[in-house]
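Structural overview
The primary structure of each chain is shown beneath.
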Amino acid sequence: NAGVMQNPRHLVRRRGQEARLRCSPMKGHSHVYWYRQLPEEGLKFMVYLQKENIIDESGMPKERFSAEFPKEGPSILRIQQVVRGDSAAYFCASSPPETPQQYFGPGTRLTVT
Amino acid sequence: GEDVEQSLFLSVREGDSSVINCTYTDSSSTYLYWYKQEPGAGLQLLTYIFSNMDMKQDQRLTVLLNKKDKHLSLRIADTQTGDSAIYFCAENPNDYKLSFGAGTTVTVRA
């Protein structure tokens, strides 16, 4: 059973461009979570999704950020008009329903120049 | 509130025991977790403990939970160079959201 997959692993964008980060959960996992890690900080919760539903997006900035988890395909975190402050590592985690464990992917390291 | 605190650094000699401490604030957390992050990698779930337990042991790892003081610790016996990493403590203030500390960087010296 492959782990949580994220791509790309590294992404460089110029200010004002769009960043799309993809996450494929583990097989059998229908819950996806996105976290952001700023340099030398812990992870901060951004959004929790189930298939075709956003359950909690309280940690996501209101502007420029969006997330989806379609019926088919990976979950996507989209950042429009990126700014330098968006530079961070973005981690996706997944879990099956009704379990407390979240399994993390390797992360996407976004650098905004 | 959601505020998990950890000491930032720990240096330990190879073969000794490491103890990483954490305090959390949300007494409603059902589970508490320890994750390990190696350089440039994602987070690996090391172990977790249910809030009604005091201790959990898993091979070289021992987790102690003092719910009254909201204190969690991770002990690594016979620390090896491969244990060098950042260790994150996390609580779950609701059913799904994990709240992480800033991480403890453990350096194992020969």
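Residues numbered from 1 in each chain as written. Chains lettered and ligands numbered in written order. Predicted model: local features only at pLDDT ≥ 70, side-chain atom pairs only at ≥ 80, totals over all residues. Heavy atoms only, no water.

**Focus on the pairing of strand S3 (residues 18-23) of chain B**
Residue and element names in this part refer to chain B. Spelled out, the test is: Classification of residues uses two cut-offs on accessible area relative to the type maximum, computed with a 1.4 Å probe and protein chains only: under 20% is buried, over 50% is exposed, and between them is partly exposed. For helices the rule is a DSSP run of H or I covering at least 4 residues; for strands it is a run of E covering at least 2, with both sets numbered from the N terminus onward. A pair of strands is treated as paired once DSSP finds two or more bridges between them.
Here S3 shows a buried face lined by Ser18, Ile20 and Cys22 and an unburied face lined by Val19, Asn21 and Thr23. Of the pairings in the sheet, the one linking strand S1 (residues 5-6) to S3 comprises two bridges and is antiparallel in character. Note on S3: the bridge partner recorded for Gln6 is Cys22. As paired strands, S3 and strand S8 (residues 71-76) are joined by six bridges and run antiparallel to one another. Bridge pairing in S8 links Cys22 to Leu72.

**Topic: the interface of chain A and chain B**
Interface extent is often summarised as the accessible area lost during association of the parts. This is how it is decided: Whether two residues touch is decided by their heavy atoms; if any such pair falls within 4.5 Å, the residues are in contact. Here the quantity called buried area is the total loss of accessible area, with a 1.4 Å probe, experienced by two parts when brought into contact, counted for both. In the sections that follow, a salt bridge refers to a side-chain nitrogen of Lys or Arg positioned within 4 Å of a carboxyl oxygen of Asp or Glu. Counting of polar contacts relies on pairs of N or O atoms within 3.5 Å, with two restrictions inside protein: one atom must be capable of donating a hydrogen and the other of accepting it, and residues adjacent in sequence are counted only when both atoms are side-chain atoms.
Opposite the 20 residues of chain A that make contact, chain B presents 17 residues. Among the residues chain A hides against chain B, the three largest losses belong to Leu43, Pro100 and Phe104 of chain A. Together they make up 31% of the total. Run the count over chain A and chain B and you get zero salt bridges. Counting across the chain A and chain B interface gives nine residue pairs in polar contact (both at pLDDT 80 or more).

**What about the layout of surface pockets?**
The criterion, for reference: With a 1 Å grid laid over protein atoms only, a set of points is called a cavity when a 1.4 Å probe fits there but cannot get out and a pocket when it is open yet has protein on both sides within 12 Å along at least five of seven lines; lining residues have an atom within 4 Å of a point. Grid points are joined across faces, edges and corners, and a volume is the space filled by probe spheres set on the points. Residue type decides the class: Asp, Glu, Lys and Arg count as charged, Ala, Val, Leu, Ile, Met, Phe, Trp, Tyr, Cys and Pro as nonpolar, and the leftover types, Gly among them, as polar.
What the largest pocket holds in volume is close to 430 Å³. What lines the largest pocket is a set of 20 residues, and nearest its centre among them are Gln37, Pro39, Glu40 and Glu41 of chain A together with Ile86 of chain B. Here the lining of the largest pocket takes three residues from strand S9 (residues 85-91) of chain B, the largest share from any one element. Looking at the lining of the largest pocket, its residues break down into 11 nonpolar, five polar and four charged.

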